[in-house]
Amino acid sequence: MSRLDSMLRRLSAQRDGLNWAVAQIAGHPGEVLDMGLGNGRTYDHLREILPDRRIRVMDRVLACHPSCTPPEADFLQGEAEVMLNHLANEGAQIILAHYDFGRGIKEEDVAEAARLSPLIARVLAPGALLVSGQPLVGFEQISGPDTIARDRYLFYRA
Ligand SMILES: C[S@@+](CC[C@H](N)C(=O)[O-])C[C@H]1O[C@@H](n2cnc3c(N)ncnc32)[C@H](O)[C@@H]1O
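Residues numbered from 1 in each chain as written. Predicted model: local features only at pLDDT ≥ 70, side-chain atom pairs only at ≥ 80, totals over all residues. Heavy atoms only, no water.

Draft legend 1. Fine view of the site of the ligand. In the vicinity of the ligand lie 18 residues, with Gly-36, Thr-42, Asp-59, Asp-100 and Glu-112 positioned nearest. In this structure, a nitrogen atom belonging to the ligand sits 2.8 Å away from a side-chain N or O atom of Thr-42. With respect to the ligand, the backbone of Ala-80 contributes an N or O atom lying 3.0 Å from a nitrogen atom. About the coverage of the ligand: the protein hides 86% of its 600 Å² of free accessible area. The residue inventory of the shell around the ligand, partitioned by class, reads four nonpolar, seven polar and seven charged. (Near = heavy atom within 4 Å. Polar contact = N/O pair within 3.5 Å; in protein donor to acceptor, adjacent residues only side chain to side chain. Areas by Shrake-Rupley, 256 points an atom, 1.4 Å probe, with all protein chains shown as cover. Nonpolar A, V, L, I, M, F, W, Y, C, P; charged D, E, K, R; others polar.)

Draft legend 2. How the structure looks around the packing of aromatic side chains. The final tally for this structure, using the stated rule, is three aromatic pairs. Ring geometry for Tyr-99 against Phe-101: centres 5.3 Å apart, planes inclined by 80°, an arrangement best described as edge-to-face. In this structure Tyr-99 comes out as buried when scored by relative accessible area, which is 0%. Ring centres 6.3 Å apart and planes at 55° place the aromatic pair Phe-139 and Tyr-156 in the tilted group. (Phe/Tyr/Trp six-rings, centres within 6.5 Å; stacked < 30°, edge-to-face > 60°. Buried < 20%, exposed > 50% of the residue type's maximum accessible area, 1.4 Å probe, protein only.)

Draft legend 3. Region of interest: the pairing of strand β1 (residues 31-35). Of all five residues in β1, four are buried, a share of seventy percent or more. Here β1 runs beside strand β4 (residues 94-99); their pairing, made up of five bridges, is parallel. Looking at the pairing, Leu-33 lines up with Ala-97 of β4. Inspection of the sheet shows β1 paired to strand β2 (residues 55-59) by four bridges, in the parallel sense. Looking at β2, one finds that Met-35 is bridged to Met-58. For the handedness criterion, the β-α-β arrangement of β1, helix α2 (residues 41-49) and β2 is classed as right-handed. (Helix = DSSP H or I, 4+ residues; strand = E, 2+ residues; numbered from the N terminus. Pairing = 2+ DSSP bridges. Right-handed = clockwise from strand over helix to strand, strands pointing away.)

Draft legend 4. Region of the structure containing the environment of Ala-149. Examined against the element boundaries, Ala-149 turns out to sit in the loop between β6 (140-142) and β7 (154-157). Overall, Ala-149 belongs to the partly exposed group, its relative accessible area being 33%. Between the alpha carbons of Ala-149 and Leu-8 there is a distance of 13 Å; along the sequence they are 141 residues apart.

Draft legend 5. Layout of the nonpolar core. In this structure, Leu-33, Met-35, Met-58, Leu-84, Ile-120 and Leu-124 are the most contacted members of the largest nonpolar core, which totals 26 residues. Of all the secondary structure elements, the ones that give two or more residues to this core are β1, α3 (80-90), β4, α4 (106-121), β5 (124-132) and β7. What Leu-84 contacts, discounting residues up to four positions off in sequence, is Leu-33, Met-35, Met-58, Leu-116, Leu-119, Ile-120 and Val-123. Listed in part, the 25 residues of the second largest apolar core include Leu-18, Ile-25, Leu-37 and Ile-95. (Core = buried A, V, L, I, M, F, W, Y, C linked by side-chain atoms within 4.5 Å. Contact = heavy atoms within 4.5 Å.)

Draft legend 6. Structural context of the sheet that holds β5. Ordered in space as β3-β2-β1-β4-β5-β7-β6, the seven strands form an open sheet in which the pairing is mixed. Strands with a single pairing partner mark the edges of an open sheet, and in this sheet they are β3 (75-77) and β6. Here the average twist between neighbouring strands, direction ignored, is 20°. Lying over the sheet, helix α1 (residues 3-25) contacts β4, β5, β6 and β7, oriented at roughly 160° with respect to β5. Across the sheet, α3 lies against β1, β2 and β3, angled at about 150° from β2, the strand it touches most. (Axes fitted to C-alpha atoms, helices over the stretch in contact; angles between N-to-C directions.)

This is how it looks when you write it as structure tokens:
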């Protein structure tokens, strides 16, 4: 598969997965966390489909499209370990988290996701949903929407 095809599959899986997750958390209180602001695409989508939720977004750099710049209070700028600990100490209750860290080098991305998993667990509300581009460790894997191949995007329940 070309990298273009692979990217298209990833982007549509993100969109379908996030849309699906929004329906799953309806009626459950809690905030949303987007791990990996990057260009701001998924953050922008979450803002659009969840206008009434607080959406925190994390990245070591602020390098998104200007139209996607998050409010200062919702942007957790720094290394994920530090920022996740900060959120946990604040008592955050995240009901939906999207994991989109990584730079396309599979072994490194998988190792980072495994290393961060216990820290992510600390910020989740009971029954929270995790939508992830990388395998996470210590959560129950569940089926996502039918439109997404099982290996393309991953879904977990805390
Ligand atoms: C694939 S991009 C995110 C794309 C974004 N969700 C979008 O839709 O535009 C991954 C981002 O994660 C950030 N990142 C990766 N590992 C990180 C870490 N350990 N701590 C903080 N940021 C990290 C990178 O700086 C990069 O901007």
